[in-house]
Amino acid sequence: MGKGFKKLMAMAAVSAMTLTTLAGCGSDDGGKSNGGGDTLKWGVNYEQSGTAATYGTSHVEGIKLAVKEINAAGGVDVGGTKKKIELEIKDNKTDDTEMPQVYNTLVEDGNTVILGPAISSLTKQAFSMAEESKIPTISASATDDMATFKADGKTVQSYGYKICYSDSFQGNAVAKAAMDKGFKKVIVYADNSSDYAKGLTKVFTTKFKELGGTIVGTENYQKGDKDFTSILTKIKNKDFNAIFVPGYYEEASQIIKQARENGIDKPILGPDGFDSPKLKEVAGAKALNNVYFTTHFSLKENNDKISNFLKAYKDEYGKEPDTFAALGYDLAYFVKAATEKAGTDDPEKVNTAIAEYKDFTGVTGTFSMDKDHTPIKSIKLVSLKDGEQASVENVDVTK
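First, a word on what this report is: a plain description of the structure on this page. What you are looking at is a predicted structure, and each value in this text was computed from that prediction instead of being measured.

1. A look at the overall build of the protein
Regarding its fold elements, the protein presents 12 helices and 16 strands. For the C-alpha atoms alone, the extent of the protein along its principal axes is close to 65 × 45 × 40 Å. In the protein, buried positions account for 56% of the 399 residues. A separation of at least 24 residues holds for 71% of the contacts in the protein among residues at least 6 apart in sequence. The protein carries 50 positive and 55 negative side-chain charges, and their two centres are separated by 4 Å.

Written out as structure tokens, the structure is:
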């Protein structure tokens, strides 16, 4: 371990509540796990409280379901020996101080792979720490283009990976979808306090103009804002076809709700940050018409793999999965596949297998890991009717 990692270990005073689970057995000893020789130890570092709680909670539910299935089927074939997966699940509280403490503890406890975090800012921290710990660390949803790069913006993190598309791809897809639907005049109302939203704004604006669209205006809000009335009143009577709101569900739900209350019934476009049950809970079903967002997974897709996942998830949790549950589910199966390819749970060899993996197929699509540790995947646009997904279509950003 490097000096930086030892220093972080010395500073860590872990305050997160810990849930240690041998998935499929439902155990909860609340303490340090000890997998032994017959188990694989995977650390789970997700936002289960704080501002991104629904993202992290959904990921964890997907991961736990996948691991329950894997263990029930005999476990992971590691060089001819079947091993069960033991999960050590911790809450990083969507906090940039708590996350490193959680990460250090998962490493100290002997986990050979770390799953998470969800959001890009915390994932960047985790990937930097992975360089010190030399433990492969994978996010299912850190869409920031630079998430897998070091501070110089050129060097790829050796132990950091993601299994989702990047914001540049997503921003281009929203711009293409807007033009395809005839929304040629768009107002951008963006969160200027997050790298996620700023990246999406930049890419969307550039692509939209390239395609012949007009940005009627750009307005900003900040994380934690509650009242958006003044800006909505300001833009209400402008000549526009749609509003693009790059940001997370907490503010987006309020913006949509208040826009509808102020008589703005124009289409509202968003990224995968919209994809949370909280969107409907806060905005209300009636407000969520003429709303579109890009995402990784849709309940409206239909194939055997997805159908089986939907049934298993509903049987397990009594509800339908969101996109982050699907990403978590795929993440666990991807780590299983890479471990089996490596033929060992040695972190260095598993890391090599992850970097070289080709043609993994999950419920969110098929992908191969590229040289930037980011897959190129299909992207979907869903529409909402009374708060429920009404349709889904693939967006071809190559045309």
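Right, picking up where we left off after that structure.
2. Structural notes on the side chain of H296
Mapped onto the secondary structure, H296 falls in the loop between β12 (291–295) and α10 (304–317). By relative accessible area, which is 1% here, H296 ends up buried. Among the polar contacts listed, one links the side chain of H296 to the side chain of D272, at a separation of 2.8 Å. Setting aside its immediate chain neighbours within four residues, H296 contacts T143, C164, Y165, D272, T323, L327, T364 and K380.

3. Points about the packing of aromatic side chains
In total, this model carries 22 aromatic pairs according to the counting rule given. Cluster of aromatic residues (ring-pair linked, three or more members): F297, F309, Y313, Y317, Y329 and Y333. Across the ring face of F240, the terminal group of K266 is positioned such that the distance to the ring centre comes to 4.3 Å.

About the cut-offs
Residues numbered from 1 in each chain as written. Predicted model: local features only at pLDDT ≥ 70, side-chain atom pairs only at ≥ 80, totals over all residues. Heavy atoms only, no water. Helix = DSSP H or I, 4+ residues; strand = E, 2+ residues; numbered from the N terminus. Buried < 20%, exposed > 50% of the residue type's maximum accessible area, 1.4 Å probe, protein only. Contact = heavy atoms within 4.5 Å. Lys, Arg positive; Asp, Glu negative; His and termini not counted. Charge placed at Lys NZ, Arg CZ, Asp CG, Glu CD. Polar contact = N/O pair within 3.5 Å; in protein donor to acceptor, adjacent residues only side chain to side chain. Phe/Tyr/Trp six-rings, centres within 6.5 Å; stacked < 30°, edge-to-face > 60°. Lys NZ or Arg CZ within 6 Å of the ring centre and 35° of its normal.

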